[in-house]
Amino acid sequence: MLALITATVNPTLCLEKGWFCPTPLNGYICYDMPSYCDSYYKTAANISPLYQFDAFDWTVLIIYFGILAVLAIYGVYRIKQVIEFWRYSRFPPNAKDTFAEDILPHITVQLPLFNEMYVVERLVKAVTEIDYPRDRIEIQVLDDSTDETVNIARATVANYAAQGFDIHYIHRDDRTGFKAGALENGMKSAKGELIAIFDADFVPKPDFLRKLVHHFTDPIVGCAQMRWAHINGSYNLLTRLQTIMLDGHFVIEQTTRNRTGNFFNFNGTAGIWRREAIELSGGWQHDTLTEDTDLSFRAQLMGCRFVYLLDHEAPVEIPVEVNAFKAQQRRWANGVLQVWFKLYLRIWYADLPLRVKLEMFFRLTGNISYPLMIVASFMQFPLLLVRYNQGLHQLMMLDVPLLFFSTVSVVLFYGSAVWYLDTKRGSRLLHLPLVMALGIGLAFSNARAVLEALMGVKSDFVRTPKYRVEKTDDESWKRKKYKRRPGWLPLLELSFAVYFVFAIAYAVRMHMWGPIAFLLLFCFGYGYMGILSLLQTAGGKRLDSRWRRTSATARP
């Protein structure tokens, strides 16, 4: 306890004896505690008067550490996946047998389209160049388009039909079910016992079908898929960061789930389905925005086995425009959570090991982190005020373990994917902090999707625009159709970026160097998404061009 001393000296400070008198009354009460003097000066420079814990302090800390604990749990899950990936990466799946050339199964290739005027010819051309007996492959162009794509696709199909290909153009005026509805409609007339699917942004390699088809010699196999590669992954900073994010999913997550006996989801394209597996699982259903994930889990709950080929790739064009990227990520975030609400009872009561059920839980609920990230973002400045007077031991006891699992796990996760794929890894590894920032920048867009799923709001299927951007100097997409409006989210993102500018300035003023690195990630993530969303609209084409050239020049 502090020793109380009555003094009749200067009412402010008893510096010569290390006493502090907080109230200038007759018969001053002074605290015999030299460190209190330092505390006074420290607090006087702080804009916060919260130099001792009260209800507000505890509220801030409990909420903050609660969120950090939840994110850390998902971080532990990511670290588990990384460990299992390196353990099983050397054991690729092998086909049970090989089909003889004269008994190769008949395959229907389905190409679902909606307003894809720039890429439909490229897609159909690539599919017709696939190495597979022509009498055993059927091509369906499933077109729901409402623009010039209709004429382009119809003419393209007619051209290849005249060359002897078994190719059909199927157009719907009613977009019921969106992509799932188009695939379901195509199944009615499909001839193949196997169904291959390619979205419009893919350019499959000639050996695609032969690499996958032999896995269907095992009658239990219901689906086989390849890893996505990236046609335009080096186009700009956004695409470079996207490739790392996608590689994390396709290298670490999909491989680990498949090779450890867990369920993994078909990604909607670049794969082959056994027709019987689709039909027995209930067919394509359109009550979620991720019909591929929905069908995948229903099929595996029915007993189908899936195969994933890590070391073979199907090239895809990824979005070069940030609003298209946001729309894609928002659809995935919304749809995956919808699948959880649809299937969680079937998952819980299924005759499956607990580890398989837990894997599905983490896979389908991971996007819940986005609303939590917004709350955590908003709390960063109050946290600076509350934590100002805390010591290093408190930081070590709580912050470091939780931050390790919630942030370092992200670096290990994406870094492992880069390490596995690349021989020259330095450039992409240096992008990892920016990948983390990009994930933070998606928080508002994806949190909206998560909240819509939680509240049962039915959202439309928003397609991802494709512009046929293949070269790093191609800026023609800026004059093309399909660009999405940014809406009001960029203003919210920019407001949070400004918020973190003030937080960083305060941390620098108070010599609080520890949190600055994390604050910079938040500031860059929100600022990058907000600014780029506005730059890549009609009014910002010229500025965006300069932005892209600057980022390309500064590339590590």
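It should be emphasised that the depicted structure is a prediction, and the values quoted were computed from it without experimental measurement.

Looking at this structure, how should I read helix α9 (residues 291-301)?
The periodicity of an α-helix, 3.6 residues per turn, causes residues three or four positions apart to be oriented the same way. Along α9, 10 of the 11 residues are buried, which leaves the element largely enclosed by surrounding structure. For α9, the complete set of buried residues consists of Glu291, Asp292, Thr293, Asp294, Leu295, Ser296, Phe297, Arg298, Ala299 and Gln300. Looking at the buried positions of α9, the neighbouring elements they touch are α5 (178-187), β10 (271-274), α8 (275-280), β11 (305-316), α10 (322-349) and α11 (354-365). Looking at the residues trailing α9, positive phi occurs at Gly303, about 110°.

Please clarify how the packing of α10 against helix α19 (residues 516-535) should be interpreted in this entry.
For any two helices packed against each other, one specifies the crossing angle of their axes together with the interaxial distance. Two elements in contact, α10 and α19, have axes separated by 8 Å at closest approach and are oriented at 120°. With respect to each other, α10 and α19 are oriented oblique. Contacts between α10 and α19 involve Val322, Asn323, Phe325 and Lys326 on the former and, on the latter, Met529, Leu532 and Ser533.

I tried to follow the nonpolar core on my own but got confused; where do I start?
It is characteristic of soluble globular proteins that their nonpolar side chains tend to be buried jointly. Of all hydrophobic cores here, the largest spans 127 residues; its most connected members are Trp273 and Trp284. Counting 13 residues, the second-largest nonpolar core is a separate cluster that includes Val336, Trp340, Leu343 and Leu364.

Would you take a moment to explain the confidence of the model for the chain for this structure?
Caution applies to low-pLDDT regions: their predicted coordinates should not be interpreted in detail. On average, the chain scores 86 in pLDDT, and the residues at 70 or more come to 84%. Confidence over residues 1-51 falls short of pLDDT 50; this stretch has 74 contacts with residues more than four positions distant or in other chains.

Please explain the sheet that holds β10 as it appears in this structure.
As a general point, the strands of a sheet are linked pairwise by backbone hydrogen bonds and lie either parallel or antiparallel. Strand order in the open sheet formed by 7 strands is β7-β6-β5-β8-β10-β9-β11, and the pairing between neighbours is mixed. At either end of the open sheet lies a strand with only one pairing partner, and these are β7 (167-171) and β11. Averaged over neighbouring strand pairs, the angle between their axes works out to 20° when direction is ignored. The strands touched by helix α7 (residues 237-259) within the sheet are β9 (221-230) and β11, with β11 carrying the most contacts at an inclination of about 155°.

Looking at this structure, I do not really get the environment of Ala224. What am I missing?
Within the fold, Ala224 resides in strand β9. If we skip the residues at most four places from it in the chain, Ala224 touches Leu212, Phe216, Gly271, Ile272 and Val307.

How should I be thinking about the packing of helix α18 (residues 489-509) against α19 in this particular structure?
Between α18 and α19, the least distance of the axes is 8 Å, while the angle of their chain directions is 150°. By the criterion of interaxial angle, the relationship of α18 to α19 is roughly antiparallel. In this structure, α18 crosses over α19, and the sense of that crossing is left-handed. On α19, the residues touching Pro490, Glu493, Leu494, Phe496, Ala497, Phe500, Val501, Ala503, Ile504, Ala507 and Val508 of α18 are Ile516, Leu519, Leu520, Phe522, Cys523, Tyr526, Gly527, Met529, Gly530, Ile531, Ser533 and Leu534.

Explain the pairing of β7 here, please?
Strand residues, when the strand is regular, have side chains that alternate between the two faces of the sheet. In the sheet, strand β6 (residues 137-143) pairs with β7 via 5 bridges, with the strands oriented parallel. Bridge pairing links Val141 to Tyr169 in β7. For the crossover from β6 across helix α4 (residues 149-162) to β7, the handedness is right-handed.

Looking at this model, I keep getting lost on the pattern of salt bridges. Mind explaining?
Oppositely charged side chains are able to pair whenever their charged atoms sit close together. Counting across every chain of the model gives 31 salt bridges. Two residues, Asp147 and Lys481, come together in a salt bridge whose shortest N-O distance is 3.6 Å. Placement of Asp147 in the loop between β6 and α4 and of Lys481 in the loop between α17 (443-454) and α18 is noted, with a sequence separation of 334 residues between them. Looking at Asp147, the relative accessible area reads 14%, which means it is buried. Residue Glu291 pairs with Lys179 through a salt bridge whose shortest N-O separation is 4.0 Å. In this pair, Glu291 is assigned in helix α9 and Lys179 in helix α5, connecting sequence segments 112 residues apart. Exposure remark for Glu291: the relative accessible area of 4% places this residue in the buried category. Given a relative accessible area of 12%, Lys179 falls into the buried group. Three or more residues are tied together by salt bridges with common partners; here these are Lys80, Glu84, Glu253, Arg257 and Glu359.

What counts, and where the lines are drawn
Residues numbered from 1 in each chain as written. Predicted model: local features only at pLDDT ≥ 70, side-chain atom pairs only at ≥ 80, totals over all residues. Heavy atoms only, no water. Buried < 20%, exposed > 50% of the residue type's maximum accessible area, 1.4 Å probe, protein only. Helix = DSSP H or I, 4+ residues; strand = E, 2+ residues; numbered from the N terminus. Contact = heavy atoms within 4.5 Å. Axes fitted to C-alpha atoms, helices over the stretch in contact; angles between N-to-C directions. Parallel < 35°, antiparallel > 145°, perpendicular 65-115°, else oblique. Core = buried A, V, L, I, M, F, W, Y, C linked by side-chain atoms within 4.5 Å. pLDDT = per-residue confidence, 0-100. Pairing = 2+ DSSP bridges. Left-handed = near helix turned anticlockwise from the far one by under 90°. Right-handed = clockwise from strand over helix to strand, strands pointing away. Salt bridge = Lys/Arg side-chain N within 4 Å of Asp/Glu carboxyl O.

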